[in-house]
Amino acid sequence: MPRLREKIRSRIPKMRSTIKDEILGKYADTVIGNVTVKQVCGGMRGIKGLLCNSSYVDPYKGLHIRGIPVVELANQIPEEIFYLLCTGEIPDKDDLKRLQEELYLRSKVPDHVWDVLHSLPKDTHPMTMFSIAILSMEGNSIFKEKYGAGMRKADYWEATLDDSLEIIAKLPAIAAGIYRIRFSLGDLIPYDKSLDWGGNFAKMLGIPDPKGEFAELVRLYLVLHCDHEGGNVSAFTSRVVNSALSNLYYAVSAGLNGLAGPLHGLANQECLKFVLAIHEKYDGVPSKEEMRDFVLSTLKLGKVIPGYGHAVLRATDPRYTAFFEFGKKYCSKEETFQIVKKLFEIVPGVLKEYGGGKIADPWPNVDAISGSLLFHYGLDMFDYYTVMFGVSRVLGFCAQAIMARALQAPIIRPKSVTNEWLIDALKKKK
Ligand code: CMX
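Small disclaimer: the values here were computed from a predicted structure and weren't measured.

Q: Looking at this model, I keep getting lost on the environment of G199. Mind explaining?
A: Counting through the fold element by element, G199 comes out in helix α9 (residues 197–205). Relative accessible area serves as the criterion here: at 5%, G199 is assigned to the buried category. When the C-alpha positions of G199 and I77 are compared, they lie 9.4 Å apart, and in sequence the two are 122 residues distant.

Q: Any chance you could explain the sheet that holds strand β1 (residues 55–58) here in plain terms?
A: Judged by pairing direction, the sheet is antiparallel, and its three strands sit side by side in the order β1-β2-β3 without closing on themselves. Looking at the sheet topology across the chains shown, the edges are occupied by β1 and β3 (68–69). Bridge count for β1 against strand β2 (residues 62–65) is four bridges, and the pairing is antiparallel. The residue of β2 that forms the bridge with V57 is L63.

Q: How do you make sense of the site of the ligand when you look at a structure like this?
A: Lining the immediate surroundings of the ligand are 19 residues, of which R45, I305, G307, Y308 and A360 lie closest. Take L263: an N or O atom from its main chain is 3.4 Å from a nitrogen atom of the ligand. Alone, the ligand offers 890 Å² of accessible surface; in the complex the protein occludes 72% of this. Partitioning the shell around the ligand into residue classes produces 11 nonpolar, five polar and three charged.

Q: When you look at the packing of helix α8 (residues 156–182) against helix α12 (residues 248–259) in this model, what are you seeing that I'm missing?
A: Helix-helix packing is characterised by the crossing angle of the two axes and by the distance between the axes. Their axes nearest at 10 Å, the elements α8 and α12 cross at an angle of 55 degrees. When the axes of α8 and α12 are compared, the pair comes out oblique. Mapping the contact onto sequence places T160, D163, S164, E166 and I167 in α8 and L248, Y249 and V252 in α12. Among the residues forming the contact of α8 with α12, the class breakdown is four nonpolar, two polar and two charged.

Q: Explain the environment of P318 to me, please; I cannot follow it from the model alone.
A: Along the polypeptide, P318 turns up in helix α15 (residues 318–330). Look at P318 and you get buried, because its relative accessible area is 11%. As for P318 and T386, which are separated by 68 residues in sequence, their C-alpha atoms are 19 Å apart. Ignoring any residue separated from it by four or fewer positions in sequence, one finds P318 in contact with K61, G62 and V71.

Rules behind the numbers
- For every chain, the first residue of the written sequence is number 1, and numbering continues from 1 onward in sequence order.
- The predicted nature of this model means local features are confined to residues of pLDDT at least 70 and side-chain atom pairs, given and counted, to a pLDDT of 80 or more, with totals for whole chains, interfaces and linings taken over all residues.
- Excluded from the side-chain calculation are hydrogens and water; included are all heavy atoms of the structure.
- Helix and strand labels come from DSSP, where a helix needs a run of H or I of at least four residues and a strand needs a run of E of at least two; each type is numbered from the N terminus.
- Exposure is judged per residue with a 1.4 Å probe applied to protein chains only, and the accessible area is read against the type maximum: over 50% gives exposed, under 20% gives buried, and values in between give partly exposed.
- Whether two strands pair comes down to DSSP finding at least two bridges between them.
- What makes a residue near a molecule or strand is one non-hydrogen atom of that residue sitting within 4 Å of it.
- In the analysis that follows, any N or O atom pair within 3.5 Å is treated as a polar contact, provided that within protein one partner can donate a hydrogen and the other can accept it, and provided that, for residues neighboring in sequence, both atoms belong to side chains.
- To measure how exposed things are, a 1.4 Å probe is used in the Shrake-Rupley method; for residues, cover is taken only from the protein chains shown.
- Throughout this entry, Asp, Glu, Lys and Arg are counted as charged residues, while Ala, Val, Leu, Ile, Met, Phe, Trp, Tyr, Cys and Pro are counted as nonpolar. The remaining residues, Gly among them, count as polar.
- Axes here refer to lines fitted to C-alpha atoms; in helices the fit is confined to the stretch in contact. Angles between the N-to-C directions go from 0 to 180 degrees.
- Each angle gets one of four labels, with under 35 degrees taken as roughly parallel, over 145 as roughly antiparallel, 65 to 115 as roughly perpendicular, and the rest as oblique.
- Two residues qualify as a contact provided that any one of their heavy atoms is within 4.5 Å of a heavy atom in the partner residue.

Here is the structure:
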């Protein structure tokens, strides 16, 4: 029995009493914000309407995992981050070992998943394969089985933790398997018990890695993408689905479907395409003037500059900076990395000028760089990049679901209104 379970269990009474006594008990009807018409028409941007304690994004300082700036966690491994997301603590050596053993014991992927993946059309997008693979295991949900047998509400979190461990344990094999099947790279590579979760994922992809740098990059990638509050498209979707007590297989698959969109997780694939288009056009790294022309002509075509801008951030994404440091250390001569660097010198200024102030965040987000590093190590099937993102983000989906069930959070159900209702309400206000 991993101590992760006991740690979560021991924290639940305090978490519940904070909500029940300190927050709801004293301030249930206190107003903490207004909603403007612009927010109603603009994707609910910035409306504070959800609790999420696993992570927080400061507009200027970026992602914090349980209060810790993510750059300070760059040397941890993903299993430690999952533990941290769920408990607020980094595990000691013993707890980490127990969690890794637990993941190993649950790592066998059911045979039918491979049959399903092999039966899909050859050109299926890897994200579609990923989402289908997770959903195809829904019949194994422990939550579903226990709920059917009359599980108490107080135990929902534990069954959600079991489903989380089952899913997370299988992610490296499933995701790496998708890579090898989709791009016809030969046999699947078996799980290696001597390796950590991220190291296994790197190995099972089959990318040659004589110095272990690629595995280091994969671990960093999995740490940096693990969570990003509760309101982004994928996390929110996953939370909403799970709030109906649809089990985690449904919720994770749904979150991944949101991640697959070009304004969200798919942006990293778009970013590398953009970088490679620049490389091809100028047959290498362009001059600053050429780069500026390329960026401006992209904007004039009505396209966005991938990897720049963010719904919440208002400064360079610290995850970008962490990857940048990795790139400087290991692949500063790689031309795609140099293009990424030059884009950073040009794009923010152009976006500020060209956007006339309408672009809220002209700075790079994590996607502006992640693909170029993967590309350097030979992971050049960029359709696959969002799967890497997904493997990491599932840690956050699961931690958020465990917390929500531990707090016995209700079904999520904001109110929508019609145009007529809105116009009528506004006239009355006038
Ligand atoms: N290039 C050109 N225009 C941009 C832009 C960019 N990189 N970022 C924002 N804008 C534009 C928007 O399209 C919008 O234009 P319209 O008013 O004509 O629709 C305007 O600036 C205002 O948008 P915003 O308030 O600054 O940004 P949003 O919160 O609406 O959108 C995001 C945020 C990320 C979707 C947007 O910046 C974007 O499309 N960026 C490029 C794609 C990208 O990198 N996505 C990854 C985000 C990270 C993630 O969520 O995973």
